[in-house]
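Here are the chains, one letter per residue:
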Amino acid sequence: MAENISQRYELRLRAHPRILADIRRAVGARLRLWGREELISAAGMCVTELLSNVHKHAASPECVLTLENLPHGIHAAVSDTESGLPVVKEPDFLSESGRGMFLLSKTAHDWGTDLTPTGKTVWFTLRAEAVEP
């Protein structure tokens, strides 16, 4: 008998550097449950970047992390109350910060932003690679 595992996961949280390791573990656990182990590292990095941006740039740390299991991979999004959109800039590799959205743009198969009535949502998709038997 097949298990009925939800293909959508939502977590309301307050973005802060202290919780990022816990959030990465929660993302990893959900992806393992979905059989998406190969995406755990990339998803953890991308989610960490989005939550770090909420902490650094949004007036309120309140946000919602959403993960969806798709036939071809996963879709993840972070919604917050800030209308300012993230900027991808050519990184200064000697700088302590400013590389996150560049790394996300090079890691995710697709990403974007959507303005919402209450702020914005920044999302990304990661595709699962076909595994040969």
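Residues numbered from 1 in each chain as written. Predicted model: local features only at pLDDT ≥ 70, side-chain atom pairs only at ≥ 80, totals over all residues. Heavy atoms only, no water.

S.K.: With reference to specific residues and values, describe the environment of Pro61.
M.R.: Along the chain, Pro61 falls in the loop between helix 2 (40–57) and strand 2 (62–70). Residues Pro61 and His16 lie 45 residues apart in sequence; the distance between their C-alpha atoms is 7.3 Å. Residues within four places of Pro61 in sequence aside, it is in contact with Leu13, Arg14, Ala15 and Val54. (Helix = DSSP H or I, 4+ residues; strand = E, 2+ residues; numbered from the N terminus. Contact = heavy atoms within 4.5 Å.)

S.K.: If you had to explain the packing of helix 1 (residues 20–33) against helix 2 to someone new, which residues and values would you point to?
M.R.: The geometry of helix 1 relative to helix 2 is characterised by a closest axis approach of 9 Å and an angle of 140° between their N-to-C directions. When the axis of helix 1 is compared with that of helix 2, the two are oblique. Considering the relative orientation of helix 1 and helix 2, their crossing is right-handed. Packed against helix 1, whose contacting residues are Leu20, Ile23, Arg24, Val27, Gly28, Leu31 and Arg32, the element helix 2 presents Ile40, Ala43, Gly44, Val47, Thr48, Leu51 and Ser52 at the interface. For the contact of helix 1 with helix 2, the residue count by class is eight nonpolar, four polar and two charged. (Axes fitted to C-alpha atoms, helices over the stretch in contact; angles between N-to-C directions. Parallel < 35°, antiparallel > 145°, perpendicular 65-115°, else oblique. Left-handed = near helix turned anticlockwise from the far one by under 90°. Nonpolar A, V, L, I, M, F, W, Y, C, P; charged D, E, K, R; others polar.)

S.K.: So, the confidence of the model for the protein: which residues are in play, and what are the values?
M.R.: Chain-level pLDDT for the protein is 88 on average; 86% of the residues reach the 70-or-more range. Per-residue pLDDT, averaged within each element of the protein, yields its smallest value for helix 3 (residues 100–107) (87) and its largest for strand 2 (98). (pLDDT = per-residue confidence, 0-100.)

S.K.: Quick one: what's the story with the sheet that holds strand 4 (residues 110–116), residue by residue and with numbers?
M.R.: If you walk across this open sheet you meet the five strands as 1-2-3-5-4, and the pairing is antiparallel. The open sheet is flanked by strand 1 (8–14) and strand 4, the only strands paired with a single partner. Averaged over all pairs of adjacent strands, the angle between their axes in this sheet comes to 15°, without regard to strand direction. Both strand 2 and strand 3 (residues 73–80) contribute to a ladder of seven bridges, which runs antiparallel. Paired with Val64 across the strands is Ser79, a residue of strand 3. (Pairing = 2+ DSSP bridges.)

S.K.: Hey, could you go over the nonpolar core for me, with residue numbers and the actual values?
M.R.: The biggest cluster of nonpolar side chains holds 28 residues, and the ones touching the most others in it are Val27, Leu51, Leu65 and Phe124. Sorting the residues of this core by element identifies strand 1, helix 1, helix 2, strand 2, strand 3, helix 3 and strand 5 (119–127) as the ones contributing at least two each. At six residues, the largest contribution of residues to this core is made by helix 2. (Core = buried A, V, L, I, M, F, W, Y, C linked by side-chain atoms within 4.5 Å. Buried < 20%, exposed > 50% of the residue type's maximum accessible area, 1.4 Å probe, protein only.)

S.K.: Go over helix 1 with me, naming the residues and quoting the values.
M.R.: Helical geometry: 3.6 residues make up each α-helical turn, so side chains three or four residues apart lie on a common side. The first and last C-alpha atoms of helix 1 sit 20 Å apart over 14 residues, in line with the 20 Å expected at 1.5 Å per residue. Contacts from the buried residues of helix 1 go to strand 1, helix 2, strand 2 and strand 3. With its phi angle positive at about 75°, Gly35 sits one or two positions after the end of helix 1. (Expected span 1.5 Å × (residues − 1).)

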